[in-house]
Amino acid sequence: MTKKGKTLTGAFGRPVANDLNSETAGAKGPVLMQDVHLLEKLSHFDRERIPERVVHAKGAGAYGYFEVTADVTPYTRAAFLSKVGKRTEVFARFSTVGGEKGSADAERDPRGFAVKFYTEQGNYDMVGNNTPVFFIRDPLKFPDFIHTQKRNPGTNLKDPDMFWDFLSLTPESIHQVTILFSDRGTPATYRHMNGYSSHTYRWYNAKGETFWVQYHFKTDQGIRNLTGPEAHAMCGADPDHATRDLHAAIARGEFPSWTLEMQILTPAQARDLRWDIFDITKVWPHGEVPPMTVGKLVLDRNPVNYFAEVEQAAFNPSNFVPGIGPSPDKMLQGRLFSYHDTHLHRLGGNYHLIPVNAPKAAPEASYQRDGAMRTDNGGGAGPNYWPNSFGAPAPDPAMAEPPLPIEGPAARHAYELTDDDFVQAGTLYATVMTEADRASLVANIVGHLGGAQKRLQLRQAALFLKANEDYGTRVAKGLGLDLAQVRKLAAMTQDKRVAATAS
Ligand code: NDP
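If you're wondering where the values come from, they're calculated on a predicted model, not measured in any experiment.

(A) Layout of the site of the ligand. Around the ligand, the surrounding shell holds 19 residues, and the nearest of these are H175, R184, N194, W284 and H286. Here a nitrogen atom of the ligand and a side-chain polar atom of S182 are 3.3 Å apart. Measuring from an oxygen atom of the ligand, one finds a side-chain N or O atom of R184 at 2.7 Å. Listing elements by their share of the shell around the ligand, those giving two or more residues are α4 (174-180), β7 (210-219) and α10 (420-432). At four residues, α10 tops the list of elements feeding residues into the shell around the ligand. Each of domain 2 (59-135 + 187-353) and domain 3 (136-169 + 418-503) gives at least three residues to the shell around the ligand.

(B) Region of the structure containing the packing of helix α12 (residues 454-467) against helix α13 (residues 469-479). Orientation of α12 relative to α13, taken along the N-to-C sense of each, is 155 degrees, at an axis distance of 5 Å. In terms of their interaxial angle, α12 and α13 are classed as roughly antiparallel. Once α12 is placed against α13, the crossing between them reads as right-handed. Residues K454, Q457, A461, F464, L465 and A467 of α12 lie in contact with α13, whose contacting residues are E469, Y471, G472, T473, V475 and L479. Of the residues assigned to the contact of α12 with α13, the class counts are seven nonpolar, three polar and two charged.

(C) Structural detail: the domain arrangement of the protein. The domains assigned to the protein are domain 1 (1-20 + 33-48), domain 2 (59-135 + 187-353) and domain 3 (136-169 + 418-503). Computed over C-alpha atoms only, the centres of domain 2 and domain 3 are separated by 28 Å. For the pair domain 2 and domain 3, the summed buried area comes to about 1600 Å², and 54% of that belongs to carbon and sulfur atoms. With its nearest N and O atoms 2.5 Å apart, the salt bridge here joins R274 to D420.

About the cut-offs
- Counting of residues starts from 1 at the beginning of each chain's written sequence and follows it residue by residue.
- Residue-level local features of this predicted model are given only where pLDDT is at least 70; pairs of side-chain atoms are given and counted only at 80 or more, and the full residue set underlies all totals for whole chains, interfaces and linings.
- Based on all heavy atoms of the structure, the side-chain values leave hydrogens and waters out of the count.
- The near set for a molecule or strand comprises every residue that places at least one heavy atom within 4 Å of it.
- N or O atoms within 3.5 Å of each other form a polar contact, as long as, within protein, one can give a hydrogen and the other can take it, and as long as residues adjacent in sequence are counted only when both atoms are side-chain atoms.
- Strands here are runs of E lasting at least two residues and helices are runs of H or I lasting at least four, both read from the DSSP assignment and numbered beginning at the N terminus.
- Domain limits in this description derive from either an automatic procedure or a database domain assignment.
- With axes taken as lines fitted to C-alpha atoms, and helix axes fitted only over the stretch in contact, angles between N-to-C directions fall between 0 and 180 degrees.
- The scheme is simple: roughly parallel for angles under 35 degrees, roughly antiparallel for over 145, roughly perpendicular for 65 to 115, oblique for anything else.
- Two helices crossing with the near one rotated counterclockwise from the far one by less than a right angle form a left-handed crossing, whereas a clockwise rotation gives a right-handed crossing.
- Any two residues whose heavy atoms approach within 4.5 Å are treated as being in contact.
- All residues other than Ala, Val, Leu, Ile, Met, Phe, Trp, Tyr, Cys, Pro, Asp, Glu, Lys and Arg, Gly among them, are scored as polar; the first ten of these are nonpolar and the last four charged.
- Throughout, buried area stands for the accessible area (probe radius 1.4 Å) lost by two parts on being put together, summed over both.
- Salt-bridge detection follows one rule: a side-chain nitrogen of Lys or Arg within 4 Å of a carboxyl oxygen of Asp or Glu.

Structural data, given as structure tokens:
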């Protein structure tokens, strides 16, 4: 921060005598080219903005710590999880997904829930959402999906036809759509929502044994949501309400916290589970895979500069530490590439040097060199290659991830759509939601889907009916659709349904 009482300077330390009047030829101008202070000030201002994140553009962040509360060494060798009571510094960022940087915090959207752990073995990033599942399960569909959530290329308006056309052609989205249109799609604040890894990850212990795991950060503040009308009103009244709430709560010493629960399966248990553990549209039912409480996440420090610490924060699901690795989940595999790639575009090749992203507890010792904005001595005069015989950093074979057997032909394998794809959405509707939750869900869907073409309403209502008879019936009635026609569509295969509602 600029010190009080110091003389104002330009970017290169030159003292500034006057910061109110441009240098002109005569009192009425024109402005002189030799006013280098003015030129420097304007040209830096012109470059103040960096590319907006293509998703998760609007967000808020804070620092804190993670504390281990249970022995997980039988499952992972990660050093930061090695001892009960051990604390690791973290930076967390919460966000909406589809809206631009100036959009409202109360929009219906999943919320990003990203945590960077500054561990002694390098940074570990858990880049999740406030929902345990996702809309699609193949990364090839991701750019198309996001286009439909953003603005119509012609009108630059949000477009219910694009939105529901894609989702009704993507029936595996039904589970996430049901969560999104419940009041969990509009959390009251970032403090009052859970965070989920959504993906399955691999933990491996010191013996090299593999466990498949899912992370659940359960809010200690309790779940609180806005109803559809409350969220709508909040968008106008205070578009920054969740950003404000997080900052204000921490500033007054009310530190939000989350309890980390893990679902953990051995490979043999995973084989016996009804659900494909690498299909991100499914959860692992708690009854079959009881979660284990392993730690506490606490946020207790606000950033001092939003741009430096929150806008430039770069989370990356491929930031693993020994003891934690990827699973074959196809969506995760796509993200392993895409996050690093987008940060290279948005922040540049040396974004790992930005203090919020730097591995504070395990300084970099790589042979990566140079590039724009390399702000340290870049490895100095030491070797910039491996192997070398000058005692410079060497790989440590003890850090290797145990091999994972993979087999099968290389091909573009499709997920076959089965009735199983509707079961968990139906369970959520029928057995988890209260009647008040269901009434909100149906009203929220009717309000949004009602803006789409009739044929898209029919096609999507048929999917709700396939999830649960009452669910589909209430949506159809709310939209004034012919229930017999919706039933007929629901009984068809997806291909026939699409053909029957083609235009
Ligand atoms: P449980 O009764 O053990 O768990 C139900 C879960 O649903 C709880 O974690 C609860 O979160 C969460 N929940 C409550 N209301 C909503 C909502 N409107 N939207 C999303 N989640 C909600 O049941 P099962 O584990 O057998 O799962 C049943 C269904 O619950 C699943 O099909 C899935 O739709 C949903 N669910 C399951 C999760 C899992 O990992 N098993 C995680 C989240 C949802 P909380 O305790 O925080 O209120």
